[in-house]
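Architecture and fold: a report
Here's the letter readout for the chains.
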Amino acid sequence: MNKKTLITVLSALVVILFGIGITVSFLLASSQPVINTFTVGSVEIELRETTGSKYKLIPGADIKKDPVVTVLAGSEESWLFVKIEKQNNFDSFFLFKVDSSWSALPSHNGVYYQKVPSALNNMRYQVLENDSVHVKETVTESQLSEINANPKLNVTAYAIQSDGLESAHDAWREIEG
């Protein structure tokens, strides 16, 4: 092959490769990045009672007791629980009912629950019906004077996000750890 033909072929090849390079660069494109921001949700509650913590026992009397759980504004949809524990022979002296907005958690004595939507505003949940406990009429002065340890009613509140937890039972299992 002569030198002139070789230069012509190489020149043609350079022109073809240059043309392919421009064509490829025309077929490439890019986009702006999509930015995903992940935030942490929260569930916040408060348990308050305004009636105090010490009460006198009078047979047949209703005693004001007003524990209230508040799911604070901005909280995610959640499972809300209260655990009511009676100590020192409480049932011998008192009767009470849990507010009807709560459901008993089967096979977990003293645990009640409800599913709470996302809290746009502070949402309050009364624990005891009529905000009171009732001293049994059958309690005698003799029984009252023989009390060695004061009867107690302890209320504890818990909340956990409902996302990913299908049932109250699943949620309580997470809380118990």
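Read on for a plain summary of the structure. (Residues numbered from 1 in each chain as written. Predicted model: local features only at pLDDT ≥ 70, side-chain atom pairs only at ≥ 80, totals over all residues. Heavy atoms only, no water.)

So, the pattern of salt bridges
Keep this limit in mind: Salt bridges are identified by distance alone: a Lys or Arg side-chain nitrogen within 4 Å of an Asp or Glu carboxyl oxygen. Partly exposed residues are those whose accessible area sits between 20% and 50% of the maximum for their type, while under 20% is buried and over 50% is exposed, using a 1.4 Å probe and protein chains only.
The full count for this structure, using the stated rule, is five salt bridges. A salt bridge links E46 to R48; the nearest nitrogen and oxygen atoms lie 3.2 Å apart. With a shortest N-O distance of 3.2 Å, K86 and D91 are connected by a salt bridge. Given a relative accessible area of 42%, D91 falls into the partly exposed group.

Brief notes about the sheet that holds strand β9 (residues 132–135)
This is how the line gets drawn: By this definition, two strands are paired if DSSP reports at least two bridges between them. Under the scheme used here, helices are H or I runs from DSSP no shorter than 4 residues and strands are E runs no shorter than 2 residues, and both carry numbers assigned from the N terminus.
Judged by pairing direction, the sheet is antiparallel, and its three strands sit side by side in the order β2-β9-β5 without closing on themselves. Looking at the sheet topology across the chains shown, the edges are occupied by β2 (62–64) and β5 (94–95).

Description of the packing of aromatic side chains
Applicable threshold: The rule is short: rings of Phe, Tyr and Trp, with Trp giving its six-membered ring, pair when the centres are within 6.5 Å, and they are stacked under 30 degrees, edge-to-face over 60, tilted in between.
The final tally for this structure, using the stated rule, is seven aromatic pairs. With a centroid separation of 5.0 Å and an interplanar angle of 50°, the aromatic rings of F81 and W172 are classed as tilted. Of this pair, F81 sits in strand β4 (residues 78–87) while W172 sits in helix α3 (residues 168–176), and the two are 91 residues apart along the sequence. W172 carries the same exposure label as F81, and that label is buried. Geometrically, the ring pair formed by Y158 and W172 is edge-to-face, given 5.3 Å between the ring centres and 85° between the ring planes. Of this pair, Y158 sits in strand β10 (residues 152–161) while W172 sits in helix α3, placing them 14 residues apart in sequence. Residue classification places Y158 among the partly exposed positions, given a relative accessible area of 27%. Classification of W172 as buried rests on a relative accessible area of 3%. Here a set of aromatic residues connected by ring pairs shows up, and it is made of W79, F81, Y113, Y158 and W172.

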